[in-house]
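Spelled out from the first residue to the last, the chains are:
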Number of protein chains: 2
Amino acid sequence: LLSDGNARLAAARRLTRRSARRESGRFLAEGPAAVQAALQRPDTVIEVFATAAALVRYEWLRTAAVPVDEVSPAAAGALSETVTPQGVVAVCRSLDVPLDDVLARAPRLVAALVEPRDPGNVGTILRTADAAGADAVIVSGDAVDVYNGKAVRASAGSLFHVPVVAGIDVADLGGTGLTTLATSGQGDTDLDTLADDGSLAAPTLWLFGTEAHGLPDAALKLADRTVRVPIYGQAESLNLAAAAAVCLYASARAQRRG
Amino acid sequence: LLSDGNARLAAARRLTRRSARRESGRFLAEGPAAVQAALQRPDTVIEVFATAAALVRYEWLRTAAVPVDEVSPAAAGALSETVTPQGVVAVCRSLDVPLDDVLARAPRLVAALVEPRDPGNVGTILRTADAAGADAVIVSGDAVDVYNGKAVRASAGSLFHVPVVAGIDVADLGGTGLTTLATSGQGDTDLDTLADDGSLAAPTLWLFGTEAHGLPDAALKLADRTVRVPIYGQAESLNLAAAAAVCLYASARAQRRG
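Residues numbered from 1 in each chain as written. Chains lettered and ligands numbered in written order. Predicted model: local features only at pLDDT ≥ 70, side-chain atom pairs only at ≥ 80, totals over all residues. Heavy atoms only, no water.

Caption draft 1: Layout of the overall build of chain A. Within chain A one finds eleven helices and eleven strands. Each of the three principal axes of chain A carries a C-alpha extent, and together these read 60 × 35 × 30 Å. Burial statistics for chain A: of 258 residues in total, 54% are counted as buried. Contacts in chain A between residues at least 24 apart in sequence constitute 80% of all its contacts with a sequence separation of at least 6. Split by element, the accessible area of chain A, about 11000 Å² in all, is 47% carbon and sulfur. Chain A carries 24 positive and 29 negative side-chain charges, and their two centres are separated by 5 Å. (Helix = DSSP H or I, 4+ residues; strand = E, 2+ residues; numbered from the N terminus. Buried < 20%, exposed > 50% of the residue type's maximum accessible area, 1.4 Å probe, protein only. Contact = heavy atoms within 4.5 Å. Areas by Shrake-Rupley, 256 points an atom, 1.4 Å probe, with all protein chains shown as cover. Lys, Arg positive; Asp, Glu negative; His and termini not counted. Charge placed at Lys NZ, Arg CZ, Asp CG, Glu CD.)

Printed below as a string of structure tokens:
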């Protein structure tokens, strides 16, 4: 049992703050699903902290190829951002890759979150992009990082599946060679029209803004088209994660039908 | 300015509890967007409570055809379930309609949430169903009601747009005459297959379960088909609201293309 004042534990605790994540190039993955997904990825987990109860409950921790240390429930709780901590947290190496690496692999479907503000949305859209078979997710701006505890949790393991490009400038999203589609409630083109005319079958970069403010002008300008998800009822808009799911699955379907 | 001990205010405060909502047939809609959507619906709002600041900020409150009373910021806060109350809350009449009324209008697209547990998901799927042009949303079971503060807020006004059938038994979802599709990660049929073969153009009742446990057997049994949203990447599943968005928009598109 590590003492609550242990230096490695104290260093891990600091990773709940963004500045410490940036400086150290490390982040925390919390809960059995995230820790298991992290352990399945090579060279990702540095160490795991778990309570006695978690060590009994999650047998797979015993065969992990990294150090697994028992900590007190209080220490595990201090590493957690949830109301009901599950007693297991992994310290992981940051995973983001350069945009050029993603582009070099001739991606077919990429989702970019432009200056997102809500870490839950970042994680949820990462999960949806993974499910839709996206080749990468890009997060621009520096308001919310993908290693935020809420984002990691909402991604349900997908942070460890999909290459992530982090913290780049919006301007870098121009000139990728991909058909660039900007989502907007006032978009020029209806998503169904693009599905019908075959446009969605092209390698595509989707740009998603924030729910409150949409995309900044800089992002709208570099898009080939602005696209709206059709609203058939009286709702003013879809929520961001729902809109992203509809767009990414429309692309996935069009690309698979050739 | 009403005193914080005012009897109508005390009655409104009780509506933050489900038992009081059920007994009184009333609920609270909080924040300018929800209150405005409620006021646009006939015979819905009974009274509005607003702070002095909200009365200045939201000019449309002055022309409301129902009583609008000024209350203290503390009293408005006590009616609110948000961290940053916006100072305006409407007391509304419950809106749910009998299932037979919905079926009598020959609906084309209906979403049923079977024994949901997360009020945020209920509200988000209501919003998505509204956007997709659904004719009604059904909520079965009694764990979460659609008038829960979080559900009302997440619906972003759609609770006042789409007919809602509340609190019915799962067994009542059989024999609606609609093609009944149950979503399941282990579904027999792929959503894309149904889109390709024209099945989605039929009048459809979608059944959605909970994210943790899916649909109960009783719901799976009464479905014509069990349907899975295809997972093209490594994600184990989509989150519930994202899956619902993909399914409902697939139906909306198929129905509009005939």
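Caption draft 2: Seen up close, the nonpolar core. Membership of the largest hydrophobic core comes to 121 residues, with the highest contact counts inside it found for A:Leu159, A:Trp206, A:Phe208, B:Leu159, B:Trp206 and B:Phe208. Among residues more than four places away in sequence, those in contact with B:Leu159 are B:Phe27, B:Leu95, B:Leu126, B:Val146, B:Tyr147, B:Val152 and B:Val164. (Core = buried A, V, L, I, M, F, W, Y, C linked by side-chain atoms within 4.5 Å.)

Caption draft 3: Quick peek at the packing of aromatic side chains. Applying the stated criterion across every chain, the model contains ten aromatic pairs over all chains. Judged by centre distance (6.2 Å) and plane angle (35°), the ring pair of A:Tyr232 and B:Tyr249 falls under tilted. Of the two residues, A:Tyr232 is situated in the loop between β11 (225-228) and α11 (240-257) and B:Tyr249 in helix α11 (residues 240-257); the pairing between them involves two chains. Owing to a relative accessible area of 6%, B:Tyr249 belongs among the buried residues under this scheme. Put simply, the rings of A:Phe27, A:Tyr147 and A:Phe160 touch in pairs and so form one group of aromatic residues. Directly above the ring of B:Tyr232 sits A:Arg256, whose terminal nitrogen or CZ lies 3.9 Å from the centroid. (Phe/Tyr/Trp six-rings, centres within 6.5 Å; stacked < 30°, edge-to-face > 60°. Lys NZ or Arg CZ within 6 Å of the ring centre and 35° of its normal.)

Caption draft 4: Representation of the relation of the copies chain A and chain B. Superposing chain A onto chain B takes a rotation of 180° plus a shift of 0.0 Å along the axis, which leaves an RMSD of 0.0 Å. On this basis, the relationship between the two copies can be described by a two-fold rotation axis. Taken as a fraction of all interface residues of chain A, those also at the interface in chain B reach 100%, which identifies the copy contact as same-surface. (Least-squares fit on C-alpha atoms with pLDDT ≥ 70 in both.)

Caption draft 5: A look at the interface of chain A and chain B. Chain A puts 31 residues into the contact, and the matching count from chain B is 31 residues. A buried area of about 2600 Å², summed over both sides, lies between chain A and chain B, and 55% of it is on carbon and sulfur atoms. Looking only at chain A, the three residues that lose the most surface to chain B are A:Arg127, A:Tyr232 and A:Arg253, adding up to 25% of its buried area. One can count eight salt bridges joining chain A with chain B. Counting across the interface, chain A meets chain B through 24 residue pairs in polar contact (both at pLDDT 80 or more). Of all the secondary-structure elements, those providing two or more residues to the side of chain A that touches chain B are α7 (119-131), α9 (191-196) and α11 of chain A. Of the residues that constitute the side of chain A that touches chain B, the class distribution is 14 nonpolar, nine polar and eight charged. (Buried area = accessible area lost by both parts, 1.4 Å probe. Salt bridge = Lys/Arg side-chain N within 4 Å of Asp/Glu carboxyl O. Polar contact = N/O pair within 3.5 Å; in protein donor to acceptor, adjacent residues only side chain to side chain. Nonpolar A, V, L, I, M, F, W, Y, C, P; charged D, E, K, R; others polar.)

Caption draft 6: Seen up close, the environment of A:Phe27. Residues and elements named next belong to chain A. Tracing the backbone through its elements, the reader meets Phe 27 in strand β1 (residues 26-30). Here Phe 27 falls in the buried class, since its relative accessible area comes to 0%. Spatially, the C-alpha atom of Phe 27 lies 35 Å from that of Val 227, the residues being 200 residues apart in sequence. Those residues in contact with Phe 27 that lie beyond four places of it in its chain are Leu 15, Arg 21, Ala 90, Val 91, Cys 92, Arg 93, Ser 94, Leu 95, Tyr 147, Val 152, Leu 159 and Phe 160.

Caption draft 7: A look at helix α3 (residues 32-39) of chain B. Those residues of α3(B) that fall on the buried side of the exposure criterion are B:Pro32, B:Ala34, B:Val35, B:Ala37 and B:Ala38. Against β1 (26-30), β2 (45-50) and β4 (88-93) of chain B lie the buried residues of α3(B).

Caption draft 8: Region of the structure containing unusual backbone geometry. At A:Glu115, a position not held by glycine, the phi torsion is positive, near 45°. Summarising the element assignment, A:Glu115 is placed in the loop between β5 (109-113) and α7. With a relative accessible area of 34%, A:Glu115 lands in the partly exposed category. Look at B:Asp43: it is not a glycine, yet its phi comes out positive at around 55°.

Caption draft 9: A look at the sheet that holds strand β10 (residues 204-208) of chain A. Residue and element names in this part refer to chain A. As summarised here, the arrangement of the seven strands in space is β7-β6-β5-β10-β8-β11-β9, forming an open sheet in which the pairing is parallel. Two strands lie at the open edges of the sheet, namely β7 (164-168) and β9 (189-190), each paired on one side alone. Examined bridge by bridge, β5 and strand β6 (residues 136-140) share four bridges and lie parallel to one another. Across the sheet, residue Ala 111 finds its bridge partner in β6, namely Val 137. Docked against the sheet, α11 engages β5, β8 (179-183) and β10, running at close to 170° with respect to β10. (Pairing = 2+ DSSP bridges. Axes fitted to C-alpha atoms, helices over the stretch in contact; angles between N-to-C directions.)

Caption draft 10: Region of interest: the pattern of salt bridges. Going through the model one piece at a time under the given rule, you end up with 19 salt bridges over all chains. Between B:Asp145 and B:Arg21 there is a salt bridge, and its shortest N-O distance comes to 2.9 Å. A residue pair is termed long-range when its members are at least 10 positions apart, and B:Asp145 in the loop between β6 (136-140) and α8 (149-154) and B:Arg21 in helix α2 (residues 18-24) qualify at 124 residues. Overall, B:Arg21 belongs to the buried group, its relative accessible area being 6%. Three or more residues are tied together by salt bridges with common partners; here these are A:Asp192, A:Asp196, B:Arg253 and B:Arg257.

Caption draft 11: Here's a closer look at the confidence of the model for chain A. The share of residues in chain A with pLDDT of 70 or more is 100%, and the mean pLDDT across the chain is 95. At the level of chain-chain contacts, confidence expressed as ipTM amounts to 0.94, with global pTM at 0.94. (pLDDT = per-residue confidence, 0-100.)

Caption draft 12: Geometry of the sheet that holds strand β5 (residues 109-113) of chain B. Residue and element names in this part refer to chain B. In space, the seven strands of this open sheet follow the order β7-β6-β5-β10-β8-β11-β9, with parallel pairing throughout. Edge positions in the open sheet fall to β7 (164-168) and β9 (189-190), since each of these has one partner strand only. As defined by bridge partners, strand β8 (residues 179-183) adjoins strand β10 (residues 204-208) across four bridges and the pair is classed as parallel. Bridge pairing in β10 places Thr 180 opposite Leu 205.

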